[in-house]
Amino acid sequence: MSRRLTFRAPGIALRLDARTLWVSGALLLVALAAVTLTVVAVGIRLPLADIAEILRGGGRRADRFVLLDLRLPRVCLGLLTGAALAVSGAVFQSLSRNPLGSPDIVGFTTGSATGAVLAIVVFGARPAGSAFAAVVGGIATALIVYGLTARGGGSVRRLVLVGIGIAAMLVAVNSYLISRARLDAAQSAAVWLVGTLNGRTWDYVRLLGIALAILTPPLLLLSRRLQMLAMGEDSARSLGVPVARSRLSLMVLAVAICAVSTAATGPVAFVALAAPQVTRRLTRSPRVQLLPAAITGALLMVLSDFIAQRILAPAQLPVGVVTGAVGGAYLAWLLSVQWRKGNG
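Residues numbered from 1 in each chain as written. Predicted model: local features only at pLDDT ≥ 70, side-chain atom pairs only at ≥ 80, totals over all residues. Heavy atoms only, no water.

Quick notes on the overall build of the chain
Inference 1: Helix and strand counts for the chain come out as 14 helices and two strands.
Inference 2: Taken against the 2.2 N^0.38 rule, which gives 20 Å for 344 residues, the C-alpha radius of gyration of the chain at 21 Å falls within 12% of a compact globule.
Inference 3: Seen along its three principal axes, the alpha-carbon backbone of the chain occupies a region of about 65 × 55 × 40 Å.
Inference 4: Across the 344 residues of the chain, 50% fall into the buried class.
Inference 5: Once local pairs closer than 6 in sequence are excluded, the contacts in the chain between residues at least 24 apart make up 71%.
Inference 6: In the structure as shown, the chain presents an accessible area of about 17,000 Å², 66% of it carried by carbon and sulfur atoms.
Inference 7: The chain carries 33 positive and 11 negative side-chain charges, and their two centres are separated by 11 Å. (Helix = DSSP H or I, 4+ residues; strand = E, 2+ residues; numbered from the N terminus. Rg over C-alpha atoms; globule rule 2.2 N^0.38 Å. Buried < 20%, exposed > 50% of the residue type's maximum accessible area, 1.4 Å probe, protein only. Contact = heavy atoms within 4.5 Å. Areas by Shrake-Rupley, 256 points an atom, 1.4 Å probe, with all protein chains shown as cover. Lys, Arg positive; Asp, Glu negative; His and termini not counted. Charge placed at Lys NZ, Arg CZ, Asp CG, Glu CD.)

Things to note about the side chain of Ser246
Inference 1: Its place among the elements puts Ser246 in helix H11 (residues 243-265).
Inference 2: Polar contacts involving the side chain of Ser246 include one to the main-chain carbonyl oxygen of Pro242, which spans 2.8 Å.
Inference 3: For Ser246, the residues in contact, after removing those within four places along its chain, are Arg225, Leu229 and Val241. (Polar contact = N/O pair within 3.5 Å; in protein donor to acceptor, adjacent residues only side chain to side chain.)

With respect to helix H12 (residues 271-283)
Inference 1: Under the 1.5 Å per step criterion, the end-to-end length of H12 is 18 Å for 13 residues, consistent within 8% with the ideal 18 Å.
Inference 2: Residues of H12 that are buried: Val271, Ala272, Leu273, Ala274, Ala275, Pro276, Gln277, Thr279 and Thr283.
Inference 3: Arg284 lies just past H12 and shows a positive phi near 55°. (Expected span 1.5 Å × (residues − 1).)

A closer look at a nonpolar patch on the surface
Inference 1: Taken together, the side chains of Leu118, Val122 and Phe123 present a nonpolar region at the surface, about 310 Å² in accessible area.
Inference 2: With a relative accessible area of 36%, Leu118 lands in the partly exposed category. (Patch = residues over 30% accessible without salt bridge, like charges linked within 9 Å, V, L, I, M, F, W, Y side chains within 5 Å. Salt bridge = Lys/Arg side-chain N within 4 Å of Asp/Glu carboxyl O.)

Some remarks on the packing of aromatic side chains
To describe a pair of aromatic rings, one takes the distance between the centres and the angle between the planes.
Inference 1: Using the criterion set out here, one finds one aromatic pair in the structure.
Inference 2: Relative to Phe108, the ring of Phe92 has its centre 4.8 Å away and its plane inclined at 50°; by these criteria the two rings are tilted. Here Phe92 is found in helix H3 (residues 61-96), whereas its partner Phe108 is found in helix H4 (residues 108-123), with 16 residues between them in sequence. The same class applies to Phe92 and to Phe108, which are both buried. (Phe/Tyr/Trp six-rings, centres within 6.5 Å; stacked < 30°, edge-to-face > 60°.)

Quick look at the packing of H4 against helix H6 (residues 159-179)
Inference 1: It is the contact of H4 with H6, at a shortest axis distance of 9 Å, that shows an interaxial angle of 15°. On the basis of their axis angle, the class for H4 and H6 is roughly parallel. Handedness of the crossing formed by H4 with H6: left-handed. Between H4 and H6, the contacting residues are Thr110, Gly111, Ala113, Thr114, Val117, Leu118, Val121 and Val122 on the first element and Ala167, Leu170, Val171, Val173, Asn174, Leu177 and Ile178 on the second.
Inference 2: Within the contact of H4 with H6, the residues separate by chemical class into 11 nonpolar, four polar and no charged. (Axes fitted to C-alpha atoms, helices over the stretch in contact; angles between N-to-C directions. Parallel < 35°, antiparallel > 145°, perpendicular 65-115°, else oblique. Left-handed = near helix turned anticlockwise from the far one by under 90°. Nonpolar A, V, L, I, M, F, W, Y, C, P; charged D, E, K, R; others polar.)

A look at the nonpolar core
Inference 1: Of all hydrophobic cores here, the largest spans 66 residues; its most connected members are Val91, Phe108, Leu250 and Leu273.
Inference 2: If one sorts the elements of this core by residue count, H11 sits on top with 12 residues.
Inference 3: Ignoring any residue separated from it by four or fewer positions in sequence, one finds Val91 in contact with Leu219, Leu226, Leu250, Ala254 and Leu290.
Inference 4: Ranked by size, the runner-up nonpolar core spans 17 residues in total, among them Leu46, Ile54, Ile295 and Val302. (Core = buried A, V, L, I, M, F, W, Y, C linked by side-chain atoms within 4.5 Å.)

Digging into unusual backbone geometry
Inference 1: Residues other than glycine seldom take positive phi values, yet Phe270 does so here, at roughly 75°.
Inference 2: Considering the arrangement of structural elements, one finds Phe270 in the loop between H11 and H12.

Points about H6
Inference 1: Compared with an ideal rise of 1.5 Å per residue, which puts 21 residues at 30 Å, H6 spans 30 Å between its outermost C-alpha atoms and is within 8% of the ideal.
Inference 2: Among all positions of H6, only Leu159, Val160, Val162, Gly163, Ile166, Ala167, Leu170, Asn174, Leu177 and Ile178 are buried. For H6, the arc enclosing every buried residue in end-on projection is 145°, short of the 170-degree limit, so these residues lie on one face. Exposed positions of H6 whose direction lies more than 90 degrees from the buried face are Leu161, Met169, Tyr176 and Ser179. (Arc of directions from axis to C-beta.)

Things to note about the environment of Asp104
Inference 1: One can find Asp104 in the loop between H3 and H4.
Inference 2: When near neighbours in sequence (up to four residues on either side) are disregarded, Asp104 contacts Thr109, Ala269, Phe270, Val271, Ala272 and Leu273.
Inference 3: Reaching out from Asp104, the side chain makes a polar contact with the side chain of Ser102 at a distance of 2.4 Å.

Quick look at the packing of helix H2 (residues 48-55) against H3
Inference 1: Here H2 crosses H3 at 85°, and the two axes come no closer than 10 Å. By the criterion of interaxial angle, the relationship of H2 to H3 is roughly perpendicular. Residues Ile51, Ile54 and Leu55 of H2 form the contact with H3, whose participating residues are Asp63, Arg64, Leu67, Leu68 and Leu72.
Inference 2: Class assignment of the residues belonging to the contact of H2 with H3 gives a composition of six nonpolar, no polar and two charged.

Digging into the environment of Val319
Inference 1: Tracing the backbone shows Val319 in helix H14 (residues 319-343).
Inference 2: The spacing of Val319 and Gly232 is 87 residues in sequence and 36 Å in space, taken between C-alpha atoms.
Inference 3: Beyond its immediate stretch of four places on either side in the chain, Val319 contacts Gly195, Thr196, Leu197, Val268, Met301, Ser304, Asp305 and Ala308.

Structure representation (C-alpha cells):
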C-alpha cells in the first residue's frame, strides 16, 4: 500500500503520494547538482564564488560573457526542453495506453522537424518563423495520424504503427529537402535535425518559456481527465468524462508543447519516450505523473548535455547524439520487455 500525505486548508484538501513526493525531491536535488556541475566544470572553470559575484553584477567581463551569454541560456533551455518533452510523452503514452506511444516514436517530433526544415530550406526562415512552422508541422502530423487511426476503427492501439509509418515518410521528406537545399541551409538544417543546444541564446529560452507558460496550465487542469482516460475510454465515459473532446484537447496541448520544444532545439530523441517510464518505475505509481516526469526529463536533458560537452572536449557534440545513443539502448530493452510479456 502506498502511503499518502494529506494537506488541508480552508476549502482545500490535497492528497499526495509520499513516495512520489520524496522521489520528486530527490530528482530535483540531482538536477540542481547537474546544473551546478555543468555551469562550473564545462570548458573554462568558473568557481562558485565567481559565479555568485557575477550574479550580483560584478566579475570580469569575459567571465560574465561565458556565464550569462553562453552557459546559463544553454542550461535553462535544456531544463525547459527536457521538461516539455517529458510532459508531452507522458500525455501521449497515457492516451495511447502504450509505453511506445511517444511523440518521437509516432512521428510528431518528425512532423515538427519537417515544418521547421521546410521553413529553413525553402523560405530561409529565422528562429521565430521556424518555430511557428514546427508547431504547424507537429499539429498537422498529429491530426493525420489520429485521422488515419480513426478511419481504421478508432483503436488507439493502432496509433504507434500508423505513427511509425508516417514518421518514416517524413524522414524521407526531410532528407529530400536537405539534398535539394543550398549548402549553408543544408548544413544548418542537418545540425538542427540532430537536436542541439549549441549556440542557443536567451531568445530561444524566452520563446519556449512563454509558450510553456501559456500551454502548461490548461494541460494541468485537464490532468484529472487524463488520469481517467488512462483507465480506458469506457471507464472514463462512465465517470462522466467527455472522451472525444478531452482527448482532442489533451492531444493538441501535448503536440503544441512538443512542437515548441522541437522548434527551440530540434528533435531531441527519446527524452519523451524514456522520462515518463523512468518516473513510473521510480515512483511505482500506475497513475500519470506529469510534474515528476517533467523533473525527470529536465534531469535527463541536462545530464545528456553535460556528457555531450565533455566526452570529446574541447569539441562539443549535439545533445541529440547522446540522447539517441542512450535512448536507443533503452528502446531495445523496452521492446524486449514488451516482447517477453507478450510471449509470457
